[in-house]
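Fold and contact review
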Amino acid sequence: MRVSLRTRITPALAALALLAVPLAGMPAAQAAVVKPLDIVKIHYDPPGTDKANNAGYNQEYIQVKNVGKTTLNLTGYKVRDDGPQVFTFPKNYKLAAGKTVTIRSGKGTNSATTLYWGKASYIWNNTGDTARTFNAAGKLLESCKYPRGGSTKTC
């Protein structure tokens, strides 16, 4: 008896179709997001009364960490809040693997471990806000939201 190729393939396709039907209603598996830069902490409401001066602004900060295995060149990477505030990492700023940088809201002299937003105002709202990091291509890497109350959010 001669069995055609069509006869052999059809049962195999039917079996695959039966397997695919239950999977069709399930949500697609999401690939793990590889984010090289992690928001570690936002210190948004330093103790005491807010002071409208540079020393007060610099008590407010966000920390980000290179969670990758290689040094990151953060040229063009951005940190932003819910409003119009945007911090752009300086050209050729490099963060070694496993290292953290603190970005203070006010003005100061940048170093390897501390950068300054350069604002003459507070960035992070005491009533709640969201910090977001973006790579140089503008892709969202992470967001960290905090509510009203408290003073520091560990992300």
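Residues numbered from 1 in each chain as written. Predicted model: local features only at pLDDT ≥ 70, side-chain atom pairs only at ≥ 80, totals over all residues. Heavy atoms only, no water.

By the naming in an unreviewed UniProt entry, the protein chain is Lamin tail domain-containing protein, taken from Brachybacterium epidermidis.

**Some details on the overall build of the protein chain**
Convention followed: In this description a helix means any DSSP run of H or I spanning at least four residues, a strand means any run of E spanning at least two, and both kinds are numbered starting from the N terminus. For each residue, the accessible area found with a 1.4 Å probe, counting protein chains only, is set against the maximum for its type, and the residue is called buried under 20%, exposed over 50%, and partly exposed in between. The Shrake-Rupley method, run with a 1.4 Å probe, gives the accessible areas here. Residue values count only the displayed protein chains as cover.
A tally of regular secondary structure across the protein chain gives 2 helices and 11 strands. Reading the secondary structure of the protein chain in the N-to-C direction produces α-β-α-β-β-β-β-β-β-β-β-β-β. Among the 155 residues that make up the protein chain, the fraction classed as buried is 31%. When the accessible surface of the protein chain is split by element, carbon and sulfur atoms take 57% of a total near 9700 Å².

**Let's talk about the environment of Asn110**
Put simply, the rule is: In what follows, a contact means two residues having at least one pair of non-hydrogen atoms within 4.5 Å. Polar contacts, as used here, are pairs of N or O atoms within 3.5 Å; protein pairs need one atom able to donate a hydrogen and one able to accept it. Residues neighboring in sequence count only if both atoms are side-chain atoms.
When you line up the elements, Asn110 lands in the loop between β7 (100-104) and β8 (114-116). Judged by relative accessible area, which is 39%, Asn110 ranks as partly exposed. When neighbours within four sequence positions are excluded, Asn110 is seen to be in contact with Pro90, Leu115 and Tyr116. Within the local environment of Asn110, its side chain forms a polar contact with the backbone nitrogen of Tyr116, the two atoms lying 2.9 Å apart.

**Section: the environment of Leu140**
Within the secondary structure layout, Leu140 lies in strand β10 (residues 140-146). Relative accessible area serves as the criterion here: at 43%, Leu140 is assigned to the partly exposed category. Considering only alpha carbons, one finds Leu140 and Lys78, 62 residues apart in sequence, at a separation of 9.4 Å. Leaving out residues up to four positions away in the same chain, Leu140 has contacts with Arg132, Thr133 and Phe134.

**Overview of the sheet that holds β7**
Put simply, the rule is: Two strands qualify as a pair provided that DSSP identifies no fewer than 2 bridges between them. The angle between two axes is taken between their N-to-C directions and runs from 0 to 180 degrees, where each axis is a line fitted to C-alpha atoms and a helix contributes only its stretch in contact.
Pairing in this open sheet of 5 strands is mixed, and the strands run β8-β7-β2-β1-β11 from one edge to the other. Whereas interior strands pair on both sides, the edge strands pair on one side only; in this sheet they are β8 and β11 (152-154). Strand-to-strand twist in this sheet, taken as the mean axis angle between neighbours without regard to direction, amounts to 25°. Inspection of the sheet shows β7 paired to β8 by 3 bridges, in the parallel sense. The residue of β8 that forms the bridge with Thr102 is Thr114.

**Topic: the sheet that holds β10**
Spatially, the 4 strands line up as an open sheet ordered β5-β4-β9-β10, and their pairing is antiparallel. Strands with a single pairing partner mark the edges of an open sheet, and in this sheet they are β5 (86-88) and β10. Strand-to-strand, the axes of this sheet are offset by a mean angle of 15°, without reference to chain direction. Where strand β4 (residues 78-80) lies against strand β9 (residues 129-134), 3 bridges are found, and the strand directions are antiparallel. Residue Lys78 lies in a different strand from β9, and its bridge partner there is Phe134.

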